[in-house]
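Fold and geometry: a report
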Amino acid sequence: MKGWVVLACAAFLAVPLAAQSVRGRLEGRIPSEAIPPVDSLIQFASQEGLPTEPLIQKALEGGAKHAAAPRIVAAVQVSLGQLRDARDVLVRAGDQPPVLPAEMTTVAWALRRGLPAPVVERVVAAVTRPPRAAAMHAVADLVAHRFDPDSAAGLIIEAVRDGVPQERLLDVSTAVLQQVQRGYTRAEALAIVRRGLPNLPAPSKPTRGSVAGARRPSSPAPP
């Protein structure tokens, strides 16, 4: 009986303690008037099973940039909406609730990068086992270089199905960009790399003639 009482008390205290922890991280780092609404948004996320750390980081980012309180609150609210959208995409694609926080963060990042939701959903459905960050990075890399999103997703999905390991999916997008560098059209570059799968050339050092702005994307930032 005493054990149940202890557990019940712990559960009762968990939310207030978590709220105090969040407020402690925000105090002195964002405007004081932004703390209550930001804290409320973070608590909503927690209650919905959404990751809260991206929201905390978004608020701290605004504080570091000396943004006004309304702008910080608005940015956190947008990020919360992105996480909800990401969860919905994952569930529609077949992930069973509760959806993994890391996957929600990855999908929210992809949507923020401009990948259409149907394309993201297609990649999620095809890459059935998380993590999916490498696949999303590779598709986003190609789309950032003006490749058609559906064509980019199709190539990366085919690479996954052909057995290309996750750690080399970014090499697939790099290989495509190298073909463009050699003078091929985007459609030709995709076809050349597709024919060679699952084999890929060894990663080469970038040259002055590389496609403008070609680079491996960084890790997903908080929504």
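For the structure, check the block above.
Below is a short write-up of the structure. (Residues numbered from 1 in each chain as written. Predicted model: local features only at pLDDT ≥ 70, side-chain atom pairs only at ≥ 80, totals over all residues. Heavy atoms only, no water.)

Another point: the packing of aromatic side chains. As enumerated under the stated definition, the model contains zero aromatic pairs in all. Here Arg186 stacks its cationic end above the ring of Phe147, 5.3 Å away from the centre of that ring. (Phe/Tyr/Trp six-rings, centres within 6.5 Å; stacked < 30°, edge-to-face > 60°. Lys NZ or Arg CZ within 6 Å of the ring centre and 35° of its normal.)

It is worth spelling out helix α10 (residues 186-196) at this point. Among the residues making up α10, those that are buried are Ala189, Leu190 and Val193. In a view along the axis of α10, the buried residues occupy a sector of 100 degrees, so they form one face of it. Exposed side chains of α10 directed beyond 90 degrees from the buried face belong to Ala187 and Arg195. (Buried < 20%, exposed > 50% of the residue type's maximum accessible area, 1.4 Å probe, protein only. Helix = DSSP H or I, 4+ residues; strand = E, 2+ residues; numbered from the N terminus. Arc of directions from axis to C-beta.)

The first and last C-alpha atoms of helix α8 (residues 149-161) sit 18 Å apart over 13 residues, in line with the 18 Å expected at 1.5 Å per residue. Listed in full, the buried residues belonging to α8 are Ala152, Ala153, Gly154, Leu155, Ile156, Ile157 and Ala159. If you follow the buried residues of α8, they end up packed against α6 (117-126), α7 (133-144), α9 (169-181) and α10. Where α8 terminates, the next one or two residues include Gly163, which has phi positive at roughly 95 degrees. (Expected span 1.5 Å × (residues − 1). Contact = heavy atoms within 4.5 Å.)

Let's shift gears to the side chain of Asp39. Structurally, the position occupied by Asp39 is in helix α2 (residues 35-47). A residue is classified by how much of its surface remains accessible, and Asp39, at 7% relative accessible area, is buried. Polar side-chain contacts of Asp39 include one of 3.4 Å to the side chain of Arg23. (Polar contact = N/O pair within 3.5 Å; in protein donor to acceptor, adjacent residues only side chain to side chain.)

This paragraph deals with the environment of Ala108. With respect to the helices, strands and loops of the structure, Ala108 is situated in helix α5 (residues 101-112). Here Ala108 falls in the buried class, since its relative accessible area comes to 0%. Between the C-alpha atom of Ala108 and that of Val89, which follows or precedes it by 19 residues, the distance is 9.4 Å.

Any functional reading would require information that these geometric values do not contain.
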